[in-house]
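Remarks on the overall topology
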Amino acid sequence: MATYLIEHMFKVMLMRIGVIGCGNIAHELSKKFKISAVYDICPERCNDIDAFLCEDIGSLITHSDIIIEAASPQAVKDYALRIIDSGRDLVIMSIGGLVEQDFRERLFTLAKEKGTYIYLPSGAIGGIDLIKTAKIAGLHCVTLRSTKNAKTLGYNVKEKTLIFKGKASQAIEKFPKSVNVSVLLSIVSGMDIDVEVYADPDIKENMHDIVVEGEFGKAEFKIINRASPANPRTSYLAVLSPLYLLENLEDVVKIGV
Ligand SMILES: NC(=O)c1ccc[n+]([C@@H]2O[C@H](COP(=O)([O-])OP(=O)(O)OC[C@H]3O[C@@H](n4cnc5c(N)ncnc54)[C@H](O)[C@@H]3O)[C@@H](O)[C@H]2O)c1
């Protein structure tokens, strides 16, 4: 047991973690983990992270064993195939970058060929384990209702207002920074899920109501997300999810998956 723990500790300690995007998530990660290398289109954003500053994505790949994308959906589209082709593992936070099925399938197929891992953390929501399990018997529908602060969404409304109703693939086009979780729910359920987005001038929290119906029965989740201490735009839970992933990467016991 002691040998396993020591080996595990060293494996995680020796792993070179590279990060794309020196924003809120990267800064929170850097408080807990030694980041080896960073890359950002605005390099000055990386100034206060103690890591090698890469000039391009190629350099980040060279200096990393695992890469955490914490930048934008476009970054996923631009760099993910190259990262996986290099044999590096990849953690994707901007799940919206995976909205196109053709691209997603190409990426996932390449990962299988290369024997690399792609991690999609649960981010600002929960219930992914239930959806995966329930899908085996068949899902009927999955609905996400997200309520966010109106100003954060760029809306000037006096009361809680429905500003979008449609499919996840349309929602992420309209709100590329705000509904990554809708694409995650689509990927895990295998359907372009139904999404409603509400702007509310009176709330600080990001709220997600998820309803899942299938052969298993029905489940409802309500997630009321506090903002992360450093940035009101990002849910604290979303920041914690890659931290959890990295801490437990090498665990031999997998719970609730
Ligand atoms: N899955 C989830 O639940 C969830 C939750 C919160 C945030 N996110 C997503 O995670 C990503 C990071 O979040 P954040 O709050 O840290 O964002 P942030 O805006 O604080 O930081 C993003 C950083 O990435 C950089 N960047 C943008 N595009 C880039 C590119 N193509 N190449 C290199 N650098 C680039 C920016 O300059 C910026 O410094 C965002 O896309 C956000 O939408 C996902």
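Everything below is about the structure shown above.
Here goes a summary of the coordinates provided. The structure displayed is predicted, hence computed values, not measured ones.

With respect to the sheet that holds strand E5 (residues 89–92)
- The 6 strands are arranged E3-E2-E1-E4-E5-E6 in an open sheet whose pairing can be described as parallel. Strands with a single pairing partner mark the edges of an open sheet, and in this sheet they are strand E3 (52–53) and strand E6 (118–119).
- Pairing geometry for strand E4 (residues 66–69) and E5, over 4 bridges, is parallel. Paired with Glu-69 across the two strands is Ile-92, which belongs to E5.
- Packing of helix H4 (residues 73–85) onto the sheet brings it into contact with strand E1 (17–20), strand E2 (35–39), E4, E5 and E6, and relative to E5 it is tilted by some 160 degrees.

Quick notes on a negative patch on the surface
- On the surface, Glu-100, Asp-102, Glu-105 and Glu-173 cluster together into a patch of negative charge.
- Note on placement: Glu-100 falls in the loop between E5 and helix H5 (101–114).
- For Glu-100, a relative accessible area of 44% gives the class partly exposed.

Section: the sheet that holds strand E10 (residues 206–214)
- One open sheet accounts for 5 strands, arranged E8-E9-E7-E10-E11; its pairing is mixed. Each edge of the open sheet carries a strand with a single partner, namely strand E8 (161–167) and strand E11 (217–225). Shown here is a sheet whose adjacent strand axes are inclined to one another by a mean of 10 degrees, direction ignored.
- Strands in contact with helix H9 (residues 180–189) are strand E7 (139–149), strand E9 (194–200) and E10; relative to E7, the strand with the most contacts, it is inclined by about 170 degrees.

Details of the packing of aromatic side chains
- Applying the stated criterion across every chain, the model contains 3 aromatic pairs.
- Consider the rings of Tyr-39 and Tyr-79, whose centres lie 6.0 Å apart with planes at 75 degrees: the pair is edge-to-face. Remark: Tyr-79 occurs in helix H4 and Tyr-39 occurs in strand E2; sequence separation between them is 40 residues.
- The exposure class assigned to Tyr-39 is buried, which follows from its relative accessible area of 12%.
- On the numbers, 6.1 Å between centres and 20 degrees between planes, the contact of Tyr-117 with Tyr-119 is stacked.
- According to the relative accessible area criterion, Tyr-119 is buried, its value standing at 19%.
- Positioned above the aromatic ring of Tyr-198 is the side chain of Lys-160, whose terminal nitrogen or guanidinium carbon lies 4.8 Å from the ring centre.

A closer look at the site of the ligand
- What surrounds the ligand is a group of 27 residues, the closest being Ile-25, Asp-40, Ser-94, Asn-180 and Thr-234.
- Interatomic distance of 3.4 Å between a backbone N/O atom of Lys-177 and an oxygen atom of the ligand.
- With respect to the ligand, the side chain of Thr-234 contributes an N or O atom lying 2.8 Å from an oxygen atom.
- Protein contact buries 89% of the 860 Å² of open area that the ligand shows by itself.
- Those elements that place two or more of their residues in the shell around the ligand are helix H2 (24–32), H4, H9 and strand E13 (231–235).
- Residue classes in the shell around the ligand are distributed as 15 nonpolar, 8 polar and 4 charged.

Notes on the state of the cysteines
- Throughout the structure, instances matching the rule amount to 1 disulfide.
- There is a disulfide in this structure between Cys-22 and Cys-46, and the S-S distance comes to 2.2 Å. The disulfide joining Cys-22 to Cys-46 has a torsion of about 95 degrees about its S-S bond and is therefore right-handed. In this pair, Cys-22 is assigned in the loop between E1 and H2 and Cys-46 in the loop between E2 and E3, connecting sequence segments 24 residues apart.
- On the basis of relative accessibility, which here comes to 4%, the residue Cys-46 falls in the buried class.
- Here Cys-54 stays free of any disulfide, with the sulfur of Cys-46 as its closest cysteine sulfur at 9.0 Å.
- Judged by relative accessible area, which is 5%, Cys-54 ranks as buried.

Criteria and cut-off values
- Residues numbered from 1 in each chain as written.
- Predicted model: local features only at pLDDT ≥ 70, side-chain atom pairs only at ≥ 80, totals over all residues.
- Heavy atoms only, no water.
- Pairing = 2+ DSSP bridges.
- Helix = DSSP H or I, 4+ residues; strand = E, 2+ residues; numbered from the N terminus.
- Contact = heavy atoms within 4.5 Å.
- Axes fitted to C-alpha atoms, helices over the stretch in contact; angles between N-to-C directions.
- Patch = residues over 30% accessible without salt bridge, like charges linked within 9 Å, V, L, I, M, F, W, Y side chains within 5 Å.
- Areas by Shrake-Rupley, 256 points an atom, 1.4 Å probe, with all protein chains shown as cover.
- Salt bridge = Lys/Arg side-chain N within 4 Å of Asp/Glu carboxyl O.
- Lys, Arg positive; Asp, Glu negative; His and termini not counted.
- Charge placed at Lys NZ, Arg CZ, Asp CG, Glu CD.
- Buried < 20%, exposed > 50% of the residue type's maximum accessible area, 1.4 Å probe, protein only.
- Phe/Tyr/Trp six-rings, centres within 6.5 Å; stacked < 30°, edge-to-face > 60°.
- Lys NZ or Arg CZ within 6 Å of the ring centre and 35° of its normal.
- Near = heavy atom within 4 Å.
- Polar contact = N/O pair within 3.5 Å; in protein donor to acceptor, adjacent residues only side chain to side chain.
- Nonpolar A, V, L, I, M, F, W, Y, C, P; charged D, E, K, R; others polar.
- Disulfide = S-S within 2.5 Å.

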